[in-house]
Amino acid sequence: MFTGIVTDIGTITDLTQEGDLRARIATSYDTNGIDMGASIASDGVCLTVVDLGPDWYDVQISAETVSKTNVSAWVVGKRVNLERALRVGDELGGHIVSGHVDGVAEVVSVVDEGDSTRVQLRAPDDLARFIAPKGSVALNGTSLTVNEVQGAVFGINFIPHTKEVTTWRDVAVGDAVNLEIDTLARYVARLAETA
């Protein structure tokens, strides 16, 4: 489990297609404190550490994960939002995030408003019903509050701090973004279906 509070920005330094895709991610985390098999959310995708070095870790990514996320667009040099798994006693500053991406949203508009940036995204049609104004979503592993919703398009406002400590300062129209809907919204919808 994660909180959607990004704690590092990693850089993809190697991609190798073996039986699965293997990615090496450079990090400023102290890798001496990372166990083999640990879960690290990388752009919101919960991935398992399979090898470690002094300032990097490797993950193995299944074809299923590649097909359901924006990992297929990863290239060497790409920066990714990182978050280590939540530990008992950690502050829950965002919202409960599983690292299981539900789909990929597309950035349709980026507009600066004062020091902040308003971004509109188009969600896949089957996920749009789970997104509500003032509700939570995780986008590329970042816990965010939805401002407005119109059909499948929803808006997010990025304050300067968020842009500074995540990869969101690089956002552009057309970007594919990993979307994880709020777990609570999923269960409320399921309960409504069975009632």
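Data block above holds the structure.
Description of the structure in this document. For every chain, the first residue of the written sequence is number 1, and numbering continues from 1 onward in sequence order. The predicted nature of this model means local features are confined to residues of pLDDT at least 70 and side-chain atom pairs, given and counted, to a pLDDT of 80 or more, with totals for whole chains, interfaces and linings taken over all residues. To obtain the side-chain values, all non-hydrogen atoms of the structure were included, while hydrogens and water were left out.

### Digging into the overall build of the protein chain
Reasoning step 1: Secondary structure summary: the protein chain contains four helices and 12 strands in total.
Reasoning step 2: Its C-alpha atoms give the protein chain principal-axis dimensions of about 45 × 45 × 35 Å.
Reasoning step 3: Remark: exposure states derive from per-residue accessible area (1.4 Å probe, protein chains only) relative to the maximum for the residue type, with buried under 20%, exposed over 50%, and partly exposed in between. Sorting the 195 residues of the protein chain into buried and exposed places 43% on the buried side.
Reasoning step 4: Two residues qualify as a contact provided that any one of their heavy atoms is within 4.5 Å of a heavy atom in the partner residue. Long-range contacts, defined here as pairs at least 24 residues apart, represent 68% of the contacts in the protein chain between residues at least 6 apart.
Reasoning step 5: As presented, the protein chain carries roughly 9600 Å² of accessible surface, and 50% of it is formed by carbon and sulfur atoms. Only DSSP runs of H or I reaching four residues or more are called helices, and only runs of E reaching two or more are called strands; each is numbered from the N terminus. Residue burial considers only the protein chains on display, and all accessible areas are found by Shrake-Rupley using a 1.4 Å probe.

### Observations regarding the nonpolar core
If you look at soluble globular proteins, the nonpolar side chains tend to sit buried side by side.
Reasoning step 1: Throughout, nonpolar core names a set of buried Ala, Val, Leu, Ile, Met, Phe, Trp, Tyr and Cys residues whose side chains join them through atoms within 4.5 Å. Membership of the largest hydrophobic core comes to 21 residues, with the highest contact counts inside it found for Leu121, Ile131, Val137, Leu139, Phe154, Ile156 and Leu179.
Reasoning step 2: Every element with two or more residues in this core is listed here: β7 (103-113), β8 (116-122), β9 (136-139), β10 (142-150), β11 (153-158) and β12 (176-181).
Reasoning step 3: Look past the residues within four positions of Leu121 in its chain and what remains in contact with it is Ala105, Glu106, Val107, Val108, Leu139, Ala152, Val153, Phe154, Ile156 and Val177.
Reasoning step 4: Ranked by size, the runner-up nonpolar core spans 19 residues in total, among them Tyr29, Ile61, Val71 and Val101.

### Some words on the packing of aromatic side chains
Reasoning step 1: Ring pairs are drawn from Phe, Tyr and Trp, using the six-membered ring of Trp, whenever the two centres fall within 6.5 Å, and their geometry is named by plane angle: stacked under 30 degrees, edge-to-face over 60, tilted for the rest. Within this structure, the stated rule accounts for one aromatic pair.
Reasoning step 2: Cation placement over rings: the criterion is NZ of Lys or CZ of Arg within 6 Å of the ring centroid and within 35° of the ring normal. Taking the ring centre of Trp56 as reference, the NZ or CZ of Arg24 above it sits at 3.5 Å.
Reasoning step 3: The positively charged end of Arg84 is found above the aromatic ring belonging to Tyr29, 6.0 Å away from the centroid.

### Considering the pattern of salt bridges
Reasoning step 1: By salt bridge we mean one thing: a side-chain nitrogen of Lys or Arg within 4 Å of a carboxyl oxygen of Asp or Glu. Following the criterion strictly, the structure yields seven salt bridges and no others.
Reasoning step 2: Here Arg24 ties to Asp58 by a salt bridge, and the two come within 2.7 Å at their closest N and O atoms. With Arg24 in strand β2 (residues 21-26) and Asp58 in strand β5 (residues 56-61), this residue pair connects regions lying 34 residues apart in the sequence.
Reasoning step 3: By relative accessible area, which is 28% here, Arg24 ends up partly exposed.
Reasoning step 4: Between Glu148 and Arg118 there is a salt bridge, and its shortest N-O distance comes to 2.7 Å. One end of the pair, Glu148, is in strand β10; the other, Arg118, is in strand β8, and 30 residues separate them in sequence.
Reasoning step 5: A relative accessible area of 26% places Glu148 in the partly exposed class.
Reasoning step 6: Because the salt bridges share partners, they merge into one network encompassing Arg22, Arg24, Asp51 and Asp58.

### Some words on the pairing of strand β1 (residues 8-17)
Reasoning step 1: In terms of strand pairing, β1 meets strand β6 (residues 79-84) through four bridges, oriented antiparallel. Residue pairing in the sheet places Ile9 in a bridge with Asn81 of β6.
Reasoning step 2: Across six bridges, β1 lies against β2 in antiparallel orientation. When the bridges of β2 are listed, Asp14 appears paired with Arg24.
Reasoning step 3: At least two bridges found by DSSP between two strands are what make those strands a pair. What sits between the antiparallel neighbours β1 and β2 is a turn of three residues.

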